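# Structural description and commentary
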Amino acid sequence: QDLLQAADTQPQAWNALALYWESKDLTKALEFVEKAVALDRGHMLSFQIKGAMLLADVSLPEYAYSISHHSIQDRPEHASNEFFLANQIQPSLTNFEGMVDSFMAADRGREAISTAKEAISLAPRDYRAITLVGMALSTDGKGRDKATKTLKRALAMNPVGCLCGIDLGRAN
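Below: a short report on this structure.

Each value, and the rule that gives it
Residues numbered from 1 in each chain as written. Predicted model: local features only at pLDDT ≥ 70, side-chain atom pairs only at ≥ 80, totals over all residues. Heavy atoms only, no water. Helix = DSSP H or I, 4+ residues; strand = E, 2+ residues; numbered from the N terminus. Buried < 20%, exposed > 50% of the residue type's maximum accessible area, 1.4 Å probe, protein only. Areas by Shrake-Rupley, 256 points an atom, 1.4 Å probe, with all protein chains shown as cover. Core = buried A, V, L, I, M, F, W, Y, C linked by side-chain atoms within 4.5 Å. Contact = heavy atoms within 4.5 Å. Axes fitted to C-alpha atoms, helices over the stretch in contact; angles between N-to-C directions. Parallel < 35°, antiparallel > 145°, perpendicular 65-115°, else oblique. Left-handed = near helix turned anticlockwise from the far one by under 90°. Nonpolar A, V, L, I, M, F, W, Y, C, P; charged D, E, K, R; others polar.

### Things to note about the overall build of the protein
Per the secondary structure count, the protein includes 10 helices and 0 strands. Traced from its N-terminal end to its C-terminal end, the protein shows the element sequence α-α-α-α-α-α-α-α-α-α. Each of the 172 residues in the protein was classed as buried or not, and the buried ones make up 43%. By element, 53% of the accessible surface of the protein is carried by carbon and sulfur atoms, the whole surface being about 9500 Å².

### A word on the nonpolar core
Counting residues in hydrophobic clusters, the biggest one holds 17 residues, and the most contacted among them are V100, A116, A119, L132 and A136. Residue assignment for this core shows that the elements contributing at least two residues are helix 6 (93-105), helix 7 (109-122) and helix 8 (127-138). Setting aside anything within four residues of it in sequence, one finds V100 in contact with A112, T115, A116, L132 and A136. Core analysis: the second largest hydrophobic core is formed by 14 residues, A18, A29, A36 and A79 among them.

### A short note on the packing of helix 8 against helix 9 (residues 144-157)
The axes of two packed helices give the description: the angle between them and the distance between them. As a packed pair, helix 8 and helix 9 sit with axes 8 Å apart at the nearest point and diverge in direction by 160 degrees. Taken together, the axis directions place helix 8 and helix 9 in an arrangement best described as roughly antiparallel. Crossing geometry of helix 8 relative to helix 9 is assigned as left-handed. Seen from helix 8, the contacting residues are Y127, I130, T131, V133, G134, M135, L137 and S138; seen from helix 9, they are R144, K146, A147, T150, L151, R153, A154 and M157. Among the residues forming the contact of helix 8 with helix 9, the class breakdown is 9 nonpolar, 4 polar and 3 charged.

The following block contains the structure:
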């Protein structure tokens, strides 16, 4: 409450409350992040937080998915839109990661692959961008060989990038 008294017109305060409430009450957390978005539609972090919350753990009870009028089936679609809006404000690998994850969760493999390839144009030498392409390709049955090669390339660039190893196991 002290935070809101000091800065109730700033999106950062509402985002902080959203993150605080995320593990306790996802519905309330999303209401707070929506308030942050309403205050400043140019605040990229608000869109990123909202997108991440919409992609929250699928083991949550059903009622948590009716948050903000988003059903279980359409929340990855809405999440991809939030990351897209964040990316319009400022392109970043974090936004591309969110979009690719959203498309994969929505079984939209072609869009995931296309978006991951856009991330490569943003950061062609970044192992995370290359990992995104490999992850997206692994969702396509025909792209498994390409996915394996791509993930091995990303792993060679950063051997500590354990996500590459996990995704490499899925690609095989």
